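Structural characterization, general
Next come the chains, spelled out residue by residue.
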Amino acid sequence: MRKGLTRPGLYLLLATLVACGGSGGSENPAPVGYSYRVPALSGDGWDVGNAADEAVDVQQVEAMMNALQTVRFGFIDAVAVARNGTLVLDETVRTVTTRHDDWVGNTNLVLHAQFSTSKSITALAAGIALERGYLPGTDAPFLGFFNYASYANWDERKSDITLGHVLAMRAGFEWDEWEHPYESPENQLAQFYDTHVDYAKGFLDLPLSDDPGSAFAYNTVATTAVAQAIDNMAPLSYLDFLTSELFT
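Residues numbered from 1 in each chain as written. Predicted model: local features only at pLDDT ≥ 70, side-chain atom pairs only at ≥ 80, totals over all residues. Heavy atoms only, no water.

1. Regarding the side chain of Lys158
The condition is simple: A run of H or I in DSSP counts as a helix once it spans at least four residues, and a run of E counts as a strand once it spans at least two, with each numbered from the N terminus. Burial classification: accessible surface area is computed with a 1.4 Å probe over protein chains only, and a residue below 20% of its type maximum counts as buried, one above 50% as exposed, and the rest as partly exposed. Charge assignment: positive for Lys and Arg, negative for Asp and Glu; neither His nor the chain ends contribute. Throughout this description, the term salt bridge denotes a Lys or Arg side-chain nitrogen within 4 Å of a carboxyl oxygen of Asp or Glu. The contact rule is simple, with two residues in contact once any of their heavy atoms fall within 4.5 Å.
Assignment of secondary structure puts Lys158 in the loop between helix H4 (117-132) and helix H5 (163-167). Buried charge Lys158 goes without a salt bridge, the closest partner of opposite sign being Asp205 at 5.2 Å. The residues contacting Lys158, other than those within four sequence positions of it, are Leu143, Tyr151, Ala152, Asn153, Phe173, Leu204, Asp205, Leu206 and Leu208.

Spelled out as structure tokens, the structure:
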């Protein structure tokens, strides 16, 4: 965990560690020369069953799993298949953790560090907060979710930034976290984390380079700022809100 992580920022990082789907993969990686096996019953709420009983071609499943081990398809950690509400395949593919796991301290092959999947999780949380009336609408001024006394690099256009702009990463701020690799100390996101404690405030203090809504710039801190907005407006903390309204 980075120094000075705010509560919503911590919750955003915690969200990156939530395993995807089913039990998150079988406990052991799929063997080389894969032969189909029925998923283990793990008590996670999924019914498990034989693929053949659900009209899933076992030979095709075996061919797929063997191909995953002999042909490079990129970052595939695990494969799960459900049909008719029954989990018929749940296999871990990878055999070692990577530097991406090191970034979040993960040593468990079954868990997947989701990273930017958390952006979608936060967008879902925003949608739920909108539905519940905790956020007034995507056209609401984003500054209205915070009570900061002032902002650096003030520009009247900051008052025009809406929740929708931030969700769509079109707030207009001067930002480029892709110019340098994330591992590089020159990466803007890495520099931001090292120099800010309140991430939403740091986000809103950035200078504008474009009119709000006019240009897209991939911005991880924008997602953290949305999480902090929900934390400010909802009756529960962001983590409790996610747990009760989404994860449970």
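2. As for the packing of aromatic side chains
Within a pair of aromatic rings, the relevant descriptors are the distance that separates the centres and the angle that separates the planes. Basically, it comes down to this: Stacked, tilted and edge-to-face are the three classes applied to pairs of Phe, Tyr and Trp rings, where Trp contributes its six-membered ring and a pair requires centres within 6.5 Å; stacked means planes under 30 degrees apart, edge-to-face means over 60, and tilted covers the rest.
The final tally for this structure, using the stated rule, is 13 aromatic pairs. Taking 6.1 Å as the distance between ring centres and 70 degrees as the angle between the ring planes, the aromatic pair formed by Tyr134 and Phe241 counts as edge-to-face. Of this pair, Tyr134 sits in the loop between H4 and H5 while Phe241 sits in helix H9 (residues 238-247); the two residues are 107 residues apart in sequence, bridging distant segments of the chain. Note on Tyr193 and Tyr199: the rings are 5.1 Å apart at their centroids and 45 degrees apart in plane angle, and the pair reads as tilted. One exposure class covers both Tyr193 and Tyr199, and it is buried.

3. A few points about the packing of H4 against H9
Which entries qualify depends on this criterion: Throughout, an axis means a line fitted to C-alpha atoms (over the contacting stretch in the case of helices), and angles, computed between N-to-C directions, take values from 0 to 180 degrees. Comment on the angle field: the value is read as roughly parallel under 35 degrees, roughly antiparallel over 145, roughly perpendicular from 65 to 115, and oblique elsewhere. Put simply, Ala, Val, Leu, Ile, Met, Phe, Trp, Tyr, Cys and Pro go in the nonpolar bin, Asp, Glu, Lys and Arg in the charged bin, and everything else, Gly too, in the polar bin.
Between H4 and H9, whose axes approach to 10 Å, the crossing angle comes to 80 degrees. Considered as vectors, H4 and H9 are oriented roughly perpendicular to each other. The residues of H9 that touch H4, namely those facing Ile121, Thr122, Leu124, Ala125, Ile128, Ala129 and Arg132, are Tyr238, Phe241, Leu242, Glu245, Leu246 and Phe247. Among the residues making up the contact of H4 with H9, the classes are represented as 10 nonpolar, one polar and two charged.

4. A closer look at the pattern of salt bridges
Should the charged atoms of two oppositely charged side chains come close, the side chains can pair. Using the criterion set out here, one finds nine salt bridges in the structure. We note a salt bridge from Glu91 to Arg37, for which the minimum N-O separation is 2.7 Å. Remark: Arg37 occurs in the loop between helix H1 (7-15) and strand E1 (47-48) and Glu91 occurs in strand E3 (residues 86-92); sequence separation between them is 54 residues. For Arg37, a relative accessible area of 33% corresponds to the partly exposed category. Here Asp101 makes a salt bridge to Arg94, at a shortest N to O gap of 2.6 Å. As far as burial versus exposure is concerned, Asp101 and Arg94 are alike and both buried. Each of Asp77, Arg94 and Asp101 takes part in one network of salt bridges that share partners.

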